[in-house]
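Coordinates in review
Listed below are the residues making up each chain.
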Amino acid sequence: MLLPSIFGENLLDDWMAFPPMPDFSDIDRKLYGKNASHVMKTDVHEDDAGYTLDIDLPGFKKEEIALDLENGYLTVQAAKQHEDKEKDKNGSCIRRERFAGSMQRSFYVGDAVTEEDVKARFENGVLDLFIPKKQAQEIPAKKTIMIEG
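Cut-off values and rules
- Residues numbered from 1 in each chain as written.
- Predicted model: local features only at pLDDT ≥ 70, side-chain atom pairs only at ≥ 80, totals over all residues.
- Heavy atoms only, no water.
- Helix = DSSP H or I, 4+ residues; strand = E, 2+ residues; numbered from the N terminus.
- Buried < 20%, exposed > 50% of the residue type's maximum accessible area, 1.4 Å probe, protein only.
- Contact = heavy atoms within 4.5 Å.
- Areas by Shrake-Rupley, 256 points an atom, 1.4 Å probe, with all protein chains shown as cover.
- Pairing = 2+ DSSP bridges.
- Axes fitted to C-alpha atoms, helices over the stretch in contact; angles between N-to-C directions.
- pLDDT = per-residue confidence, 0-100.

**Here we look at the overall build of the protein**
- Counting its regular elements, the protein contains one helix and 11 strands.
- Its helices and strands taken in sequence order, the protein reads β-β-α-β-β-β-β-β-β-β-β-β from the N to the C terminus.
- A total of 149 residues make up the protein; the buried ones form 21% of that total.
- The long-range share in the protein, meaning contacts at least 24 apart out of those at least 6 apart in sequence, stands at 52%.
- In the structure as shown, the protein presents an accessible area of about 12700 Å², 53% of it carried by carbon and sulfur atoms.

**Some words on the sheet that holds strand 6 (residues 73-80)**
- In space, the three strands of this open sheet follow the order 5-6-9, with antiparallel pairing throughout. In the strand order of this sheet, the two ends are held by strand 5 (65-70) and strand 9 (101-108), each with one partner. Between one strand axis and the next, the sheet turns through 15 degrees on average, direction left out of account.
- Where strand 6 meets strand 9, eight bridges bridge the pair, whose relative direction is antiparallel. Along strand 9, the bridge assignment pairs L74 with F107.

**Focus on the confidence of the model for the protein**
- Residue-level pLDDT values for the protein average 75, and 60% of them are 70 or greater.
- The model gives residues 1-7 a pLDDT under 50, and that stretch makes eight contacts with residues more than four places away or in other chains.

**Comments concerning the environment of T114**
- Tracing the backbone shows T114 in the loop between strand 9 and strand 10 (119-123).
- A residue is classified by how much of its surface remains accessible, and T114, at 30% relative accessible area, is partly exposed.
- Between the C-alpha atoms of T114 and I131, which are 17 residues apart in sequence, the distance is 9.5 Å.

Shown next, in the form of structure tokens:
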């Protein structure tokens, strides 16, 4: 069913949610708000040598980010743990808007790229990745096999 949307959001989201029912299918939206798909904002630049990815990960530490390369896909994962203390030296928490959780995003980089090829740097909440352009090994041309006898 086609529904009108503005800025990637469904116009009828809030209107059709009556009566409010618990919905766990969009738990990431509950963690990161309506723009959950925009949490890991990424700029991709290309030059002759390869691709540069700039991924915004504000509030994360280097230790909370993991990079995996499997079957030609580079996966960036970020997980933030939240200390669940009701009362600390500053008093009790009245409203909590910073959430804990995890997110991930995958990029196809090709089967020829190895872990040693990918260069990563994390500084000021921005993860910079460099992925060189590599050509997959060429498959030999079709060759005819001679049958003896």
